[in-house]
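This is what each chain is made of:
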Amino acid sequence: MTAPGAGRPDVHTELGERLATAALGGSEAARAKQKAAGRLLVRERLALLLDGEPDFEDGLLARSEEGLAGDAVVTVIGHVDGRPVAVIANDFTVKAGTWGRRTFEKITHLQERADALGIPVVYLVDAAGARIDEQFDSYAGRHAWGNIFTNLVRFSGRVPQVCALFGPSPAGSAYVPALCDVVIMVRGHATAYIGSPRLAEMVTGERVTMEEMGGAEMHCRESGLGDVLVDDDAEAIAAVRVWLSYLPSSWREEPPATNALPPAAPVRPLEEIVPTREDVPFDVTELVEAIVDGATFFPYKDLFAPELVCGLARLGGRPVGVLANQSLHKAGVLFSDSSDKAARFIWICSAFQVPLLFLADNAGFMIGTDVERTGIIRHGAKMLFAVCGASVPRIAVIVRKAYGGGYLAMSGSPTAPDAVIALPTAKVALMGPAAAVNAIHYNRIVAIDDEAERAAWVEEQRAAYEADIDVFKIASENAFEAVVPVARLRDELIARFSAYRRRPAAPAERRNGVYPV
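Residues numbered from 1 in each chain as written. Predicted model: local features only at pLDDT ≥ 70, side-chain atom pairs only at ≥ 80, totals over all residues. Heavy atoms only, no water.

### Examining the overall build of the chain
Helix and strand content of the chain: 20 helices and 17 strands. Projecting the C-alpha coordinates of the chain onto the three principal axes gives extents of approximately 115 × 55 × 45 Å. For the chain, buried positions account for 50% of its 517 residues. For the chain, the share of sequence-separated contacts (at least 6 apart) that also reach a separation of at least 24 residues comes to 74%. As presented, the chain carries roughly 24,000 Å² of accessible surface, and 56% of it is formed by carbon and sulfur atoms. Computed over 52 positive and 66 negative side-chain charges, the separation of the two mean positions in the chain equals 5 Å. (Helix = DSSP H or I, 4+ residues; strand = E, 2+ residues; numbered from the N terminus. Buried < 20%, exposed > 50% of the residue type's maximum accessible area, 1.4 Å probe, protein only. Contact = heavy atoms within 4.5 Å. Areas by Shrake-Rupley, 256 points an atom, 1.4 Å probe, with all protein chains shown as cover. Lys, Arg positive; Asp, Glu negative; His and termini not counted. Charge placed at Lys NZ, Arg CZ, Asp CG, Glu CD.)

Take a look at the structure:
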């Protein structure tokens, strides 16, 4: 009679061997191919992201009997900068990282644990979509791949959800990055698209490259899906760590504070950064860097809609979300894309108790038939909705011009910010001098035949109009909380945010707003 277990290795030895094999992921050839392409293996990415080894891992042996280590996804909890995070990482060396019948079980289980624990979820995405040959197990039922998206929506604004996209994320799986708070894409490798170039050619006859269809550069510059463009896997991981450093672990906590740092040394006197004339463009990031703690500004969607600068920074050691009109691009005028960019960034900050700083320098929203037909009113309403609904401390600084709807969209006084502060160069009005004079005096202007006389009269009216919107006259009407020199702006902001953060950040009582689209 054969003893139980005879012919098999010791169970402890067998376990060690099985765990070691599963941890390797795919075949040696698949791993070599990944490395040859200049991409890290999934556990190399984890090693860069986490402070040390993961605290624990779920489902390492899932489908190991079938040679599909972990069913192509690694799910762990570890620490980043001493704080716990949940990480969901596709393993491209196992069946191209595709989703199988156990993949979504592992993903949704860790999503739910992260929400219950109040910790961020980091998605390291590198997956060629769902497996068509397993759709009957995993697609149409209540217990299916789509549960991943349901959880992304359910937990949005409750815990930070961050996506680093290293490779493909096609078809339905493209909604993982789309539903995350921030998407970091690796140039030349990351792709996201509903239909592949081959499918597009078959259905529409269109011939495009993979990069044109859904490459990282395209998404970060044109579609707006990508928020941060990086050059390699290591830079993507570093960006994830920086992004998380500004946010709390969950919506119930405050953002982490650090020691205050002085701002970067300006290349010229602070008073020279902002031109007095409103029609002279300047780089507003120079002003941002002169205000915030040195080397802490982290741009958000910097390649998309560059007429509006957005990003996270620290001010006196505490995180703050910055929105600033960039006069170097389209004169800082607000367009549909910049309105969408602003709304999403404001919602992220408001969700996680990050105060908002607006640096207003714009002549309003863009006008013309093209922008009207593409819905600038709808998109502008989205930005206004986000501004007025933000429950975190909010300060607007009028840098130079703030005209029309642009004044309101950049958190002007009627939107109920905690404070509106003006620099000595500030002007606030329904419209700028040139447009106002033309609107008010059009008939008189066209009635003056002599060109020189007409120009002189128009200039006289512009000067009178400008005197009416002078910063000191507006301040005299108590429209600003303060007018401060640019050299004192940083200290003023630190003091005010320190005071305003003491108030509770409670959203309006209702089921939900009806968001403009």
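### Things to note about the nonpolar core
Membership of the largest hydrophobic core comes to 64 residues, with the highest contact counts inside it found for Leu49, Val87, Leu124, Trp243, Leu323 and Ile398. The dominant element in this core, judged by the number of residues it contributes, is helix α11 (residues 233–246), at seven residues. Setting aside residues up to four positions removed in sequence, isoleucine 398 forms contacts with Ala360, Tyr407, Val420, Ile421, Ala422, Leu423, Ala426, Lys427, Val428 and Phe480. (Core = buried A, V, L, I, M, F, W, Y, C linked by side-chain atoms within 4.5 Å.)

### Remarks on helix α13 (residues 336–351)
Its 16 residues place the ends of α13 23 Å apart at the C-alpha level, agreeing with the 22 Å of an ideal helix rising 1.5 Å per residue. When α13 is considered as a whole, its buried residues turn out to be Ser336, Ser338, Ser339, Lys341, Ala342, Ala343, Phe345, Ile346, Ile348, Cys349 and Ser350. Turning to α13, the residues buried within the fold contact α11, β10 (298–300), β11 (308–315), β12 (318–325), β13 (356–362) and α15 (376–389). (Expected span 1.5 Å × (residues − 1).)

### Quick word on unusual backbone geometry
Its identity as a non-glycine residue notwithstanding, aspartate 71 has a phi of 50 degrees, on the positive side. Mapped onto the elements of the fold, aspartate 71 is located in the loop between β1 (56–58) and β2 (73–80).

### Points about the packing of α13 against α15
Contact geometry for α13 and α15: axes closest at 8 Å, N-to-C directions at 20 degrees. Here α13 is positioned roughly parallel relative to α15, judged by the angle of their axes. In this structure, α13 meets α15 at a crossing whose hand is left-handed. The residues of α15 that touch α13, namely those facing Ser336, Ser339, Asp340, Ala342, Ala343, Ile346 and Trp347, are Ile376, His379, Gly380, Lys382, Met383, Phe385, Ala386 and Val387. Taken together, the residues of the contact of α13 with α15 sort by class into nine nonpolar, four polar and two charged. (Axes fitted to C-alpha atoms, helices over the stretch in contact; angles between N-to-C directions. Parallel < 35°, antiparallel > 145°, perpendicular 65-115°, else oblique. Left-handed = near helix turned anticlockwise from the far one by under 90°. Nonpolar A, V, L, I, M, F, W, Y, C, P; charged D, E, K, R; others polar.)

### Some words on the state of the cysteines
Following the criterion strictly, the structure yields zero disulfides and no others. With no disulfide of its own, cysteine 310 lies 8.5 Å from the sulfur of cysteine 349, the closest cysteine sulfur. (Disulfide = S-S within 2.5 Å.)

### Quick word on the sheet that holds strand β4 (residues 121–125)
Taken together, seven strands build an open sheet; the order of strands is β1-β2-β3-β4-β5-β7-β9 and the sheet is mixed. In the strand order of this sheet, the two ends are held by β1 and β9 (228–230), each with one partner. Averaged over neighbouring strand pairs, the angle between their axes works out to 20 degrees when direction is ignored. The pairing of β1 with β2 spans three bridges and is antiparallel. Looking at β2, one finds that glutamate 57 is bridged to valine 76. (Pairing = 2+ DSSP bridges.)

### Some remarks on the packing of aromatic side chains
Under the defined criterion, the tally for this structure stands at seven aromatic pairs. Here the aromatic rings of tyrosine 300 and phenylalanine 345 are separated by 5.2 Å at their centres, their planes lie at 35 degrees, and the arrangement is tilted. One end of the pair, tyrosine 300, is in strand β10; the other, phenylalanine 345, is in helix α13, and 45 residues separate them in sequence. Grouped by ring-pair contacts, the aromatic residues Trp243, Phe298, Tyr300 and Phe345 constitute a single cluster. Here the guanidinium or amino end of arginine 39 rests over the ring plane of phenylalanine 92, the centre of that ring lying 4.8 Å away. (Phe/Tyr/Trp six-rings, centres within 6.5 Å; stacked < 30°, edge-to-face > 60°. Lys NZ or Arg CZ within 6 Å of the ring centre and 35° of its normal.)

### Observations concerning the pairing of strand β3 (residues 83–90)
Most of β3 sits inside the fold, with six of its eight residues counted as buried. By the bridge criterion, eight bridges tie β2 to β3 in an arrangement that is antiparallel. Bridge pairing links histidine 79 to proline 84 in β3. The hairpin formed by β2 and β3 contains two residues between the paired strands, and aspartate 81 there has a positive phi angle of roughly 55 degrees. Sheet topology places β3 next to β4; four bridges connect them, and they run parallel. Looking at β4, one finds that alanine 89 is bridged to leucine 124. Handedness of the β-α-β unit built from β3, helix α4 (residues 103–117) and β4 comes out right-handed. (Right-handed = clockwise from strand over helix to strand, strands pointing away.)

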